Amino acid sequence: MSTDSGDGKARLAILISGRGSNMQSLLAACDSGQLAAKVCLVASNNPEAEGLPYAAGRGIKTISLDHRQFASRTDFETQLAKSIDDSGAEYVLLAGFMRILGESFVSRYQGRMLNIHPSLLPAYPGLDTHARAIANGDTEAGASVHFVTPELDGGPVMIQARVRIEPDDSSGKLAQRVLEAEHRMYPIAVAWLVEGLVSLQNGQCHWQGEAMPSPRLLGDIEASA
Ligand code: GAR
């Protein structure tokens, strides 16, 4: 996929449902030049999402499409796809977007849509990931960035951040530490995507055209930086 938007920057749409702190970290990466991209749309299914006024205050086009106002999932997703395509976005980044997306929407953006999820996938897809990891007696939690496929939180993972679970951790404390890692990790993954370093081929992550045997680790990347 070309990243030519006239200014040489990739065009991103970010989908949120709430706070939008990952969205903010992506915007900061665009500002700093870490990411050769610009955010042309922030969309939410939740009109109350705290991230919307933040993005609007930065002069970014925002839309809220309340999914409850649509007759069907298909109607909601048709409108969402139209808004994304009208914005000229080449890539779609789910950043705390808490709606399951249907097959037709997912295949439209196949290879161009990423999600960040707060667990070491394939462990703990879905909700309450940190509470489930603690309840299970795990010693490690984390977060993953993956290509979106029709299977919920099931697409190929390109990068993970590992975070130790401390004996006295609550899910809130753990979530905060994982979130800090997410904020560093997501811009790296998006940069790989828009630079064409990582791609989705035959249902697998590829690094510069070679199948990746396993996800890369944020800790290794930061250690070698
Ligand atoms: C993040 O922890 C993200 O990984 C998670 O929601 C949070 C959003 O925070 N996403 C999911 O659980 C998706 N399955 P944010 O709105 O502050 O970026």
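How each quantity is defined
- Residues numbered from 1 in each chain as written.
- Predicted model: local features only at pLDDT ≥ 70, side-chain atom pairs only at ≥ 80, totals over all residues.
- Heavy atoms only, no water.
- Salt bridge = Lys/Arg side-chain N within 4 Å of Asp/Glu carboxyl O.
- Helix = DSSP H or I, 4+ residues; strand = E, 2+ residues; numbered from the N terminus.
- Buried < 20%, exposed > 50% of the residue type's maximum accessible area, 1.4 Å probe, protein only.
- Axes fitted to C-alpha atoms, helices over the stretch in contact; angles between N-to-C directions.
- Parallel < 35°, antiparallel > 145°, perpendicular 65-115°, else oblique.
- Left-handed = near helix turned anticlockwise from the far one by under 90°.
- Contact = heavy atoms within 4.5 Å.
- Nonpolar A, V, L, I, M, F, W, Y, C, P; charged D, E, K, R; others polar.
- Near = heavy atom within 4 Å.
- Polar contact = N/O pair within 3.5 Å; in protein donor to acceptor, adjacent residues only side chain to side chain.
- Areas by Shrake-Rupley, 256 points an atom, 1.4 Å probe, with all protein chains shown as cover.
- Pairing = 2+ DSSP bridges.

(A) Geometry of the pattern of salt bridges. Taken as a whole, this structure holds 10 salt bridges when the rule is applied. The salt bridge partner of Asp-31 is Arg-58, with a shortest N-O separation of 3.0 Å. Taken together, the residues Asp-31 in helix 1 (residues 21-32) and Arg-58 in the loop between helix 2 (51-57) and strand 3 (62-64) connect sequence positions 27 residues apart. Take Asp-31: its relative accessible area is 52%, and that puts it in the exposed class. Residue classification places Arg-58 among the partly exposed positions, given a relative accessible area of 33%. The salt bridge partner of Asp-66 is Arg-68, with a shortest N-O separation of 2.9 Å. For Asp-66, a relative accessible area of 12% translates into the label buried. When its relative accessible area of 61% is taken as the criterion, Arg-68 is described as exposed.

(B) Representation of the packing of helix 1 against helix 6 (residues 171-194). Orientation of helix 1 relative to helix 6, taken along the N-to-C sense of each, is 50 degrees, at an axis distance of 9 Å. One element, helix 1, and the other, helix 6, form an angle in the oblique class. Relative to helix 6, helix 1 is oriented so that their crossing is right-handed. In this structure, helix 1 contributes Ser-21, Asn-22, Ser-25, Leu-26 and Ala-29 to the contact, and helix 6 contributes Leu-179, Glu-182, His-183, Tyr-186, Pro-187 and Val-190. Partitioned by chemical class, the residues of the contact of helix 1 with helix 6 number six nonpolar, four polar and one charged.

(C) Local environment of the site of the ligand. By nearness alone, every residue bordering the ligand is listed as Arg-19, Gly-20, Ser-21, Asn-22, Gly-96, Met-98, Ile-116, His-117, Pro-118, Asp-153, Leu-179 and Glu-182. Between Arg-19 and the ligand, the recorded distance is 2.6 Å, taken from a side-chain N or O atom to an oxygen atom. One nitrogen or oxygen atom from the side chain of Ser-21 is found 2.5 Å from an oxygen atom belonging to the ligand. Coverage of the ligand by the protein amounts to 87% of the 450 Å² it exposes when considered alone. Contributions of two or more residues to the shell around the ligand are made by helix 1, strand 5 (113-117) and helix 6.

(D) Broad picture of unusual backbone geometry. A cis amide bond links Leu-121 with the next residue in sequence, Pro-122, at an omega value of 15 degrees. Tracing the chain through its elements places Pro-122 in the loop between strand 5 and helix 5 (129-135). The phi dihedral of Tyr-124 is positive, around 55 degrees, even though this residue is not glycine. Checked against the element boundaries, Tyr-124 lands in the loop between strand 5 and helix 5. One non-glycine residue, Asn-202, adopts positive backbone phi at about 50 degrees. Turning to its location among the elements, Asn-202 is positioned in the loop between strand 8 (198-201) and strand 9 (204-207). By relative accessible area, Asn-202 is classed as exposed at 79%.

(E) How the structure looks around the sheet that holds strand 3. Overall, mixed pairing links the eight strands, which are arranged 3-2-1-4-5-6-7-11 in an open sheet. Among the strands making up the open sheet, the edge pair consists of strand 3 and strand 11 (216-217). Contacting strand 1 (10-16), strand 2 (37-44), strand 4 (91-94) and strand 5, helix 1 crosses the sheet at an angle of about 160 degrees to strand 2.

(F) Highlighting the environment of Gln-24. Its place among the elements puts Gln-24 in helix 1. Here Gln-24 falls in the partly exposed class, since its relative accessible area comes to 31%.

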